[in-house]
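Architecture and fold: a report
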Amino acid sequence: MTTNGDGVITENFSEPTCVYDMPSGVQGNLTNFANSDVGVGLQVFKSPGATYNSSEHDKFYLSNFEIVGAPYSIHDGGSWKFNDTVAAECALWMCVQAFDIWTINANQSQVVVQEFSTVENSNFTEMLDAAHKNVSLINFTFSDLPQDMNPVSGIKYSVPGSVFLGMKTFFSNLFNGSIFLNHGTQTPTSDIVQAIWSASVDLDPWIQNVAGSMTNVIRSNAPGQLSLYKGTAYQLEYDARWPWLILPIVLVVMSFAILVVIIIKTMRSPVQTWKGSPLVLLFLNVEDKMRVRAEGKMNELAGIEKSIGKRAVELKKDALGNWGLKAA
């Protein structure tokens, strides 16, 4: 975690350095660029912490450090002249996290729902001294976890002394260094210092990424041994394939659309309706000779069929362009 701008930072200009008194009590020393274009433009240094006070032993602090100096956009000290100075206090500590984990289609996702970092610090100093003498006998233990984190009954969460001291020693030397500005070039003392400087506008996301990477390493290399966390979970699932559900609806809609098209085409067609029965000839535009031959035959059994039923006809247009049945 980081804090930006908390507390008061005092500037004391002198030759050839500018001393920054940080809220934690430590001092940052930068080159006085009022009279020089070359020198130390940013410093990263160990700190006991002010907002994150490591002397309170309320957390398992692995590292406390502060930064002060030129913003990342500065290319040389001559263009900075102590304008827009960046400063931040950072801390990295161990904690217990509760995750909400779910798996969909073999893809696992997770989100941190709660963190707990309170420690049993009544004899922290004595334990730290004892750990330096014999790390194998000391465990640094967290306080009892709150019930809403669903802790396992009777289980204590602790960090082995060797792990805690080893990481604390490693990080205390890691976050330490400076950026040297020299006429358009910047030379960091380490890649870590360069990364801190590039993220100095807002260090929270950067140190969260550092903490997240460390967490993933610990979880990957030191998985839980309790049988509570072992096993395979199955869940009944209905997977609706919408294309197949939509297909019957599409077929019905298409059938209805085709029917409508046929009806419209039939209504607009110049061909009159007809069928194989000779009765149709009485209602169609047929030749007068055929119509005369059919007169008076409707009252006789098969009269129309006998009179004109075997006449061959063909569909033709008349002089007005109307279709009708004409004798072949």
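Keep in mind that this is a model prediction, so the values were computed, not measured.

1. Digging into the overall build of the chain
Along the chain, the regular secondary structure elements total eight helices and 15 strands. Burial statistics for the chain: of 328 residues in total, 30% are counted as buried.

2. Describing unusual backbone geometry
Non-glycine residue histidine 57 carries a positive phi angle of around 55 degrees. Backbone geometry places asparagine 150, a non-glycine residue, at a positive phi of 55 degrees. Summarising the element assignment, asparagine 150 is placed in the loop between strand S10 (139-141) and strand S11 (158-160).

3. Concerning helix H4 (residues 191-198)
Among all positions in H4, only Val193, Ile196 and Trp197 are buried. All buried residues of H4 fall inside an arc of 100 degrees around its axis, so they share one side. Taken together, the buried residues of H4 touch strand S5 (38-46), strand S6 (60-69), strand S12 (177-182), strand S13 (185-188) and helix H5 (203-221).

4. Describing the nonpolar core
Grouped together as the largest cluster of nonpolar side chains are 49 residues, with contacts concentrated most on Phe60, Phe65, Met94, Phe164, Ile196, Leu203 and Trp206. Counting residues per element, this core draws most heavily on strand S7 (residues 86-94), which supplies six residues. Beyond its immediate chain neighbours, meaning those up to four positions away, phenylalanine 65 contacts Val44, Phe45, Lys46, Ser47, Ala88, Glu89, Cys90, Phe175, Ile196, Trp206 and Ile207.

5. Description of the pattern of salt bridges
Side chains that differ in sign of charge can pair as their charged atoms come close. Counted by the stated rule, this structure contains two salt bridges. For the salt bridge of aspartate 58 with lysine 59, the shortest nitrogen-to-oxygen distance reads 3.4 Å. For lysine 156, the salt bridge goes to aspartate 144, with nearest N and O atoms at 2.7 Å. Note that lysine 156 is positioned in the loop between S10 and S11 and aspartate 144 in the loop between S10 and S11, a separation of twelve residues in sequence. Residue aspartate 144 is classed as exposed on the basis of its relative accessible area, which comes to 57%.

6. Structural notes on H5
With 19 residues, H5 should reach 27 Å at 1.5 Å per residue; the first-to-last C-alpha distance of 27 Å fits that figure. For H5, the complete set of buried residues consists of Leu203, Trp206, Ile207, Val210 and Met214. Taken down its axis, H5 places every buried residue within 95 degrees of arc, on the same side. Exposed side chains of H5 directed beyond 90 degrees from the buried face belong to Asn209 and Ser220. One side-chain oxygen at the N-terminal end of H5 lies 3.4 Å from the backbone nitrogen of aspartate 204; it belongs to aspartate 202.

7. Some words on the packing of aromatic side chains
Following the criterion strictly, the structure yields nine aromatic pairs and no others. Centroid distance tyrosine 72 to tryptophan 197: 5.1 Å. Interplanar angle 80 degrees. Geometry classified as edge-to-face. Linking tyrosine 72 in the loop between S6 and helix H1 (77-80) with tryptophan 197 in helix H4, this pair joins segments that are 125 residues apart in sequence. When its relative accessible area of 1% is taken as the criterion, tryptophan 197 is described as buried.

8. Remarks on a nonpolar patch on the surface
On the surface, Trp242, Leu245, Ile246, Val250 and Met254 cluster together into a nonpolar patch covering about 500 Å² of accessible area. Positionally, valine 250 belongs in helix H6 (residues 242-268). By relative accessible area, which is 34% here, valine 250 ends up partly exposed.

9. Points about the side chain of serine 178
You can see serine 178 is positioned in strand S12. Apart from the residues within four sequence positions on either side, serine 178 is in contact with Val40, Leu42, Gln43, Thr187, Pro188, Thr189 and Val193.

10. Comments concerning the side chain of serine 63
Within the secondary structure layout, serine 63 lies in strand S6. In this structure serine 63 comes out as buried when scored by relative accessible area, which is 4%. Aside from chain neighbours lying at most four places away, what touches serine 63 is Cys90, Ala91, Leu92, Phe171 and Phe175.

11. So, the pairing of strand S3 (residues 17-21)
Of the pairings in the sheet, the one linking S3 to strand S4 (residues 27-31) comprises five bridges and is antiparallel in character. By the bridge assignment for S4, cysteine 18 is matched with leucine 30. Hairpin connection from S3 to S4: five residues lie between these consecutive antiparallel strands, with glycine 25 at a positive phi of about 105 degrees.

12. Things to note about the confidence of the model for the chain
For any part of a model where pLDDT is low, the fine detail of the predicted coordinates should not be relied upon. Confidence along the chain averages 78 in pLDDT terms, with 78% of residues attaining 70 or more. Taking the mean pLDDT of every element in the chain, the minimum, 42, falls on strand S1 (residues 2-3) and the maximum, 91, on H4. Below a pLDDT of 50 lies the segment residues 1-8, which in the model reaches 27 contacts outside its immediate sequence neighbourhood of four places, other chains included.

Reading the values: rules and limits
Residue numbers restart at each chain and count upward from 1, following the sequence in its written direction. With pLDDT at 70 or above as the cut-off, local features in this predicted model cover only qualifying residues; side-chain atom pairs require 80 or more to be listed or tallied, and sums for whole chains, interfaces and linings still use all residues. Values reported for side chains reflect all heavy atoms of the structure, with hydrogen atoms and water molecules removed beforehand. Comment: elements are numbered from the N terminus, with helices defined as DSSP H or I runs of at least four residues and strands as E runs of at least two. For every residue, the accessible area (1.4 Å probe, protein chains only) is compared with the maximum for its type, and the residue is labelled buried under 20%, exposed over 50%, or partly exposed between those bounds. Within this analysis, the arc is defined by the directions that extend from the helix axis to the C-beta atoms. In what follows, residue pairs with any heavy atoms lying within 4.5 Å of each other are defined as contacts. Here the nonpolar core consists of buried residues drawn from Ala, Val, Leu, Ile, Met, Phe, Trp, Tyr and Cys, with membership extended through side-chain atoms lying within 4.5 Å. Salt bridge, as applied in this entry: a Lys or Arg side-chain nitrogen positioned within 4 Å of an Asp or Glu carboxyl oxygen. Expected span, for any helix, means 1.5 Å times one less than how many residues it has. Each polar contact in these results corresponds to two N or O atoms within 3.5 Å; when the atoms are within protein, one needs to be able to donate a hydrogen and the other to accept it, and residues that are neighboring in sequence are counted only if both atoms are side-chain atoms. Geometry of aromatic contacts follows a simple scheme: Phe, Tyr and Trp rings, the Trp one being its six-membered ring, pair when their centres are within 6.5 Å, and the pair is stacked under 30 degrees between planes, edge-to-face over 60, tilted otherwise. Only residues whose relative accessible area exceeds 30% and that take part in no salt bridge are eligible for patches, with like-charged residues grouped when within 9 Å of each other and nonpolar side chains (Val, Leu, Ile, Met, Phe, Trp, Tyr) grouped when within 5 Å. Here the open area of atoms and residues is found with the Shrake-Rupley method and a 1.4 Å probe, where only the protein chains shown may cover a residue. Note on pairing: DSSP must find at least two bridges between two strands before they are called paired. Confidence of the prediction at every residue is given by pLDDT, a number between 0 and 100.

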